[in-house]
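The primary structure of each chain is shown beneath.
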Amino acid sequence: MAWNDRFECMPVEELQRFQLAKLKETVSWLYEKVPFYHRKLDELGVKADDLKSLEDIAKLPFTVKNDLRDNYPFGLCAVPMNEVVRIHCSSGTTGKPITGPYTAEDLEQWTECVARVLSAASVRKEDIVQISYGYGLFTGGLGLHQGAGRVGCTVVPTSSGMTERQVMLMKDFGVTALCCTPSYALTIAEMAEEMKMPIRDMPLRVGILGAEPWTAAMRDEIEQKMGIKARDIYGLTELGGPGMAFECDEGNGLHINEDHFLVETVDPVTLEPVPLGQRGEMVLTAIQRRAMPLLRYRTKDITTLRREPCSCGRSFVKMDRITGRSDDMLIINGVNVFPSQIESLLSDIEEIELQYLLVVRKKKHLDELYIRVEGKKEVFDAGPGKVTEVERKIAGHIKGLMGIGVGMELVPPKGLKRSEGKAVRVVDERPK
Ligand code: ADP
Ligand code: ZN
């Protein structure tokens, strides 16, 4: 059952007509209200009326993260400040943050989008929902909070951190749905085991997890360790936060809230459109926002779009799970390596936990990829010989399948720092 059948299950042709009308409105709005877009549209000589079909979106200018930085804090805001009712910021830790202003109407739409996500994950009014995303400027906490409120759930706004307390409340309150990053879900699961209160024995049945890349292997691990269904949720601050895309029961890709976001994929180098079914950088246009709608925002997230009928009845296009950003790619002695590739190879190894850190450094003139990963207790109990054997096995597996030599260090259980929000998986120590 969809939260909003009218839009979520709208026949594609009707949906596309709706999108075109909203796109034109947005282009006119930006032309009138935001000098940055006025200039850009003039430079390209394009007006809202030139958009005759959705393909004409290719005539519009791209927007990149630096445009937001250059216009910090409110240069791209299309409404006067007295119409802005909320400001969020990106969770980025370097440089000036990305600001996200919302009008009351924008907040309303965001809430609706998150309600759809929860509903698709089978969350209902009767559910007790623990929100362990950080509250505050980060969009995760308040975004899920508003959506769960809209569904009518019992909301437990724990925010992230103080993991022991998270476990205790989860048990005492009989929490049935958990919202947090996938890495924090694993942290909670581990803490629960340590406290001898395994999550499997609790009423928790579903996790709405996102805000960071995670592999299918990590999903399996979470589902198995916690005895729940794990559903993906995607979003970014620049376009209003979590709730842009979500998984339904099929679990093979995320539906995009297409009545709010127009999605394209482009070749990240040539910026030419990439057809459905092929990998590209996802580019998003907000077509209903008022305070800061962006045209053709380059997300840097790499995915494949598919438009096929889905058994859930939703007509929204689906994107493949995002396992990495184009700017996460590491170049190790000329070989392109995505952290998610390493994660999925590590998940083939039985003797370890999926807790790892990739360290890239210079050894003389060459790059070295050094992987620290947690071994299971049994491995360490069996002595140093076994530890070395497992290290060699992993290095061999990676060499065999990716062709790169890596340094391996198996660290004892709980040897790596746990995540309470977005996990840090890569440390690049090479001189810049
Ligand atoms: P927020 O997670 O609140 O939107 P940011 O705007 O800082 O915070 O981060 C957005 C980025 O996080 C996205 O561009 C994407 O790289 C990553 N991300 C968010 N959700 C997911 C997800 N479900 N899977 C993979 N990556 C995700
Ligand atoms: Zn579906």
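On a predicted model such as this, the values are computed, not experimentally measured, just so you know. (Residues numbered from 1 in each chain as written. Chains lettered and ligands numbered in written order. Predicted model: local features only at pLDDT ≥ 70, side-chain atom pairs only at ≥ 80, totals over all residues. Heavy atoms only, no water.)

Enquirer: Tell me about the site of ligand 1, and please be specific about residues and values.
Expert: Taken together, 18 residues lie near ligand 1, and T139, D232, I233, T237 and D301 sit nearest. Contacts to ligand 1 include T139, whose side-chain N or O atom sits 2.4 Å from an oxygen atom. Here an oxygen atom of ligand 1 and a side-chain polar atom of K422 are 2.9 Å apart. Summarising the interface, the protein chains cover 92% of the accessible area of ligand 1, which totals 550 Å² for the free molecule. The element best represented in the shell around ligand 1 is strand β7 (residues 229–236), accounting for 5 residues. Looking at the shell around ligand 1 residue by residue, the classes come out as 7 nonpolar, 5 polar and 6 charged. (Near = heavy atom within 4 Å. Polar contact = N/O pair within 3.5 Å; in protein donor to acceptor, adjacent residues only side chain to side chain. Areas by Shrake-Rupley, 256 points an atom, 1.4 Å probe, with all protein chains shown as cover. Helix = DSSP H or I, 4+ residues; strand = E, 2+ residues; numbered from the N terminus. Nonpolar A, V, L, I, M, F, W, Y, C, P; charged D, E, K, R; others polar.)

Enquirer: Before we move on, could you go through the sheet that holds strand β5 (residues 177–180) and cite the residues and values that matter?
Expert: Here 11 strands make up an open sheet; going across it, the order is β4-β3-β5-β6-β7-β8-β9-β13-β12-β11-β10 and the pairing mixed. Of all the strands in the sheet, the pair left with one neighbour each is β4 (154–156) and β10 (261–266). Two strands pair when backbone bridges link them, and strand β9 (residues 254–256) and strand β13 (residues 318–319) are joined in this way by 2 bridges, in the antiparallel orientation. Bridge pairing in β13 places L254 opposite M319. The strands touched by helix α5 (residues 104–120) are β5, β6 (206–210), β7 and β8 (241–247); relative to β8, the strand with the most contacts, the crossing angle is about 30°. (Pairing = 2+ DSSP bridges. Contact = heavy atoms within 4.5 Å. Axes fitted to C-alpha atoms, helices over the stretch in contact; angles between N-to-C directions.)

Enquirer: Can you explain the coordination of the zinc ion (ligand 2)? Please cite residues and give values.
Expert: The protein atoms that coordinate the zinc ion (ligand 2) are C248 (SG), H255 (NE2), C310 (SG) and C312 (SG), at distances of 2.1 to 2.3 Å. Around the zinc ion (ligand 2), the 4 donor atoms sit at angles spanning 103 to 115°, and that spread fits a shape best called tetrahedral. For the zinc ion (ligand 2), the single-chain donor residues occur in sequence as C-x6-H-x54-C-x1-C. Of this pair, H255 sits in strand β9 while C312 sits in the loop between β12 (297–306) and β13, and the two are 57 residues apart along the sequence. (Donors = N, O, S within 2.8 Å, 3.2 Å for Na, K, Ca; no water. Tetrahedral: all angles 85-135°; square planar, octahedral: opposite > 155°, others 65-115°.)

Enquirer: Run through the pattern of salt bridges, naming residues and quoting values.
Expert: Scanning the model with the defined rule gives 35 salt bridges in all. As a salt-bridge pair, D232 and R321 come within 4.0 Å of each other at their nearest N and O atoms. Remark: R321 occurs in the loop between β13 and β14 (330–332) and D232 occurs in strand β7; sequence separation between them is 89 residues. The pair formed by D232 and R321 is uniform in burial state, with each residue classed as buried. Across the pair E374 and R418 runs a salt bridge whose closest N-O atoms are separated by 2.8 Å. Of this pair, E374 sits in strand β17 (residues 366–375) while R418 sits in the loop between β18 (406–411) and β19 (426–428); the two residues are 44 residues apart in sequence, bridging distant segments of the chain. Residue E374 is classed as buried on the basis of its relative accessible area of 1%. Linked through salt bridges whose partners overlap, the residues forming this network are R219, D232, E247 and R321. (Salt bridge = Lys/Arg side-chain N within 4 Å of Asp/Glu carboxyl O. Buried < 20%, exposed > 50% of the residue type's maximum accessible area, 1.4 Å probe, protein only.)

Enquirer: Give a detailed account of the packing of aromatic side chains, specifying residues and quantitative values.
Expert: Within this structure, the stated rule accounts for 4 aromatic pairs. Aromatic side chains Y102 and W110 sit 4.9 Å apart centroid to centroid with 15° between the ring planes, which places their arrangement in the stacked category. A single burial state applies to Y102 and to W110, both of which are buried. The side chain of R289 reaches across the aromatic face of Y102, ending 5.1 Å from its centre. (Phe/Tyr/Trp six-rings, centres within 6.5 Å; stacked < 30°, edge-to-face > 60°. Lys NZ or Arg CZ within 6 Å of the ring centre and 35° of its normal.)

Enquirer: Residues and numbers for the side chain of D106, please.
Expert: Here D106 is to be found in helix α5. Of the side chains with opposite charge, R289 comes closest to the buried, unpaired D106, at an N-O distance of 4.6 Å. Among the polar contacts made by the side chain of D106, one reaches the main-chain amide nitrogen of T103 at a distance of 3.0 Å. Discounting chain neighbours no more than four positions away, the residues touching D106 are P101, Q288, R289, R290 and A291. (Lys, Arg positive; Asp, Glu negative; His and termini not counted.)

Enquirer: Break down the pairing of β10 for me, citing the residues and quoting the values.
Expert: Among the 6 residues of β10, 6 are classified as buried, and the element is accordingly described as predominantly covered. Across the two faces of β10 the burial is the same, with F261, V263 and T265 and L262, E264 and V266 all buried. Bridge analysis of β10 against strand β11 (residues 279–286) gives 6 bridges, and the strand direction is antiparallel. Each residue of the ladder has a partner; that of V266, found in β11, is E281.

Enquirer: Explain the nonpolar core residue by residue, including any values.
Expert: Most often, soluble globular proteins have nonpolar side chains that are buried together. Counting residues in hydrophobic clusters, the biggest one holds 49 residues, and the most contacted among them are I222, I371 and I394. Listed in part, the 45 residues of the second largest apolar core include V27, L30, L51 and M319. (Core = buried A, V, L, I, M, F, W, Y, C linked by side-chain atoms within 4.5 Å.)

Enquirer: Got a sec to walk through the environment of L357? Specific residues and values, please.
Expert: Here L357 lies in strand β16 (residues 352–363). The spatial distance from the C-alpha of L357 to the C-alpha of A423 is 9.6 Å, given a sequence separation of 66 residues. Setting aside residues up to four positions removed in sequence, L357 forms contacts with Y370, I371, R372, L416, V424, R425, V426 and V427.

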